[in-house]
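Each chain, written out:
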Amino acid sequence: PTTAPGSGSAPGSSTSADSGPTPGSTVTTAGPGDDASTGDESSSTGFNFVDPDQQPPIDGCDQFAQDCPEGEKCTPAGFENEAGWSVTRCVPVAPEPATLGEPCTVEGAANSGMDNCDIGTMCWSIDPDTLQGECVGLCEGDIADPTCADPNAECIISSEAILTLCIPQCDPLQIGACGDDQLCVPTGSGFVCAPDESQGGGALWDDCAFINACDDGLLCAPTSAFCDPDAEGCCTPYCDLTSPSCPEGLPCTPFFPEDGAPPAFEDVGVCIVPAP
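Model, not experiment: these values are computed from the prediction.

Chemist: Please clarify how unusual backbone geometry should be interpreted in this entry.
Modeler: Where the residue is not glycine, phi is negative for most of them; where a peptide bond is considered, it is trans in most cases. For Leu131, which is not a glycine, the phi torsion comes out positive at approximately 60 degrees. On the secondary structure map, Leu131 appears in the loop between strand S6 (121–124) and strand S7 (132–138). One non-glycine residue, Ala161, lies in positive phi territory at about 70 degrees.

This is the structure in structure tokens:
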């Protein structure tokens, strides 16, 4: 499956699970305008990861260069009456802008690009009713080698490089690490916080179709004997390799390949039978 912090493009593209317990398998995330369990257009939060090596073209202004006129900032936006993020545009910087990590507000629609965050940041995890969220950083550097000013964040590029966000990293073994209505989900190179799109489902061994469609502490892994064999995914528990405890007698299998785990995630496992 894929994942969903904030708002993004429709599911359909997927992030490779090569770095997870079953190499070569894929899963998809809920995207803006897509229901996390059915793919129907109804939800407003989500994004799909893209490979930075593809270096897709950037239309409009350049978020990395921030090449807008003085007093304006380059930010992701969408077309009117569309749920996703499809363009970059220059918008005025608020007179007293909110800074990284502070509450923010969007004008008009969640993807209008008109917010009160400072240059180099944008309003994210937006409540569709109040249009309030939190300022997160845009990736720095360039599309070929993106970085984040926050050492605890990971640059996530999605929606054909329109969204370039520095999303805070999290520990999937720590329940509640991301706060209310958020989940800790995999990106392929680590884990970041994303909106909870389980929508009343997502319990242990429930079927799932998106990375962020399972309860906190569970991974939407390729389906197993404990779920419908025709399901796209199965809500499977994470486990700690240093003190494994898995239900149903399952082994605690390393999430990352041997010697391939990032420094902060060497102990992350999943209660799943490893691929042969």
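Still more to cover.
Chemist: Can you walk me through the side chain of Lys73 in this structure?
Modeler: Turning to its location among the elements, Lys73 is positioned in strand S3 (residues 72–77). Here Asp115 takes part through its side chain, which lies 2.6 Å from a polar atom of the side chain of Lys73. In this structure the side chain of Lys73 is engaged in a polar contact, spanning 3.1 Å, whose partner is the backbone oxygen of Thr121. When sequence neighbours within four positions are dropped, the list of residues in contact with Lys73 reads Gln66, Cys68, Arg89, Cys90, Val91, Val93, Asp115, Cys117, Asp118, Ile119, Thr121 and Met122.

Chemist: For this particular structure, what's the right way to read the state of the cysteines?
Modeler: Disulfides are covalent bonds that link the sulfur atoms of two cysteine residues. With the rule as written, the count across this model stands at 13 disulfides. One disulfide in the model links Cys61 with Cys74; its S-S distance is 2.1 Å. In this structure, the disulfide formed by Cys61 and Cys74 twists by about 90 degrees around the S-S bond and is classed as right-handed. Of the two residues, Cys61 is situated in the loop between strand S2 (26–27) and S3 and Cys74 in strand S3; the sequence distance between them amounts to 13 residues. One disulfide bridge connects Cys239 with Cys252, the sulfur atoms lying 2.0 Å from each other. An S-S torsion of about 105 degrees defines the bridge between Cys239 and Cys252 as right-handed.

Chemist: What is the right way to look at the pairing of strand S18 (residues 268–271) in this model?
Modeler: Looking along a regular strand, one sees the side chains alternate between the two faces of the sheet. On S18, burial covers both faces: Val268 and Val270 on one face and Gly269 and Cys271 on the other are all buried. Here three bridges tie strand S16 (residues 233–240) to S18, and the two strands are oriented antiparallel to one another. Along S18, the bridge assignment pairs Asp240 with Val268. Taken together, the three bridges between strand S17 (residues 252–254) and S18 define a ladder with antiparallel strand orientation.

Chemist: Quick question: what am I supposed to make of the environment of Cys61 here?
Modeler: Residue class for Cys61 comes out buried when judged on its relative accessible area of 7%. Remark: the alpha-carbon pair of Cys61 and Cys90, spanning 29 residues in sequence, is separated by 6.7 Å. If sequence neighbours within four positions are ignored, Cys61 has contacts with Asp67, Cys68, Cys74, Thr75, Thr88, Arg89 and Cys90.

Chemist: Before we go on, may I ask you to explain the nonpolar core in this structure?
Modeler: Nonpolar side chains in soluble globular proteins generally cluster together in the buried interior. Within the largest apolar cluster, 15 residues are counted, with the highest numbers of intra-cluster contacts made by Trp85, Met122, Trp124, Leu163, Leu165, Ile167 and Val185. Looking at this core, the elements with two or more residues in it are S6, S7, strand S11 (163–168), strand S12 (182–186) and strand S13 (191–195). By residue number, the principal contributor to this core is S11, which donates three residues. With residues near it in sequence (within four places) discarded, Leu165 still touches Met122, Trp124, Val136, Gly137, Leu138, Cys139, Glu154, Cys155 and Ile156. Cys170, Tyr238, Phe256 and Phe265 belong to the second largest nonpolar core, which has 14 residues in total.

Chemist: What am I meant to see in the pairing of S7 here?
Modeler: Among the seven residues that make up S7, five are buried, leaving the element largely enclosed by the rest of the structure. Pairing between strand S5 (residues 103–105) and S7: three bridges, direction antiparallel. In the sheet register, Cys104 faces S7, and the bridge partner there is Gly133. Sheet analysis places S6 next to S7, joined by four bridges and oriented antiparallel. Paired with Cys123 across the bridge in S7 is Cys135. Pairing analysis gives two bridges linking S7 to S11, with the strands arranged antiparallel.

Chemist: Would you take a moment to explain the environment of Ala149 for this structure?
Modeler: Counting through the fold element by element, Ala149 comes out in the loop between strand S9 (145–147) and strand S10 (153–158). Looking at Ala149, the relative accessible area reads 59%, which means it is exposed. For Ala149 and Gly137, which are 12 residues apart along the polypeptide, the C-alpha to C-alpha distance reads 7.8 Å.

Parameters at a glance
- Residues numbered from 1 in each chain as written.
- Predicted model: local features only at pLDDT ≥ 70, side-chain atom pairs only at ≥ 80, totals over all residues.
- Heavy atoms only, no water.
- Helix = DSSP H or I, 4+ residues; strand = E, 2+ residues; numbered from the N terminus.
- Polar contact = N/O pair within 3.5 Å; in protein donor to acceptor, adjacent residues only side chain to side chain.
- Contact = heavy atoms within 4.5 Å.
- Disulfide = S-S within 2.5 Å.
- Buried < 20%, exposed > 50% of the residue type's maximum accessible area, 1.4 Å probe, protein only.
- Pairing = 2+ DSSP bridges.
- Core = buried A, V, L, I, M, F, W, Y, C linked by side-chain atoms within 4.5 Å.

These figures capture arrangement, not role.
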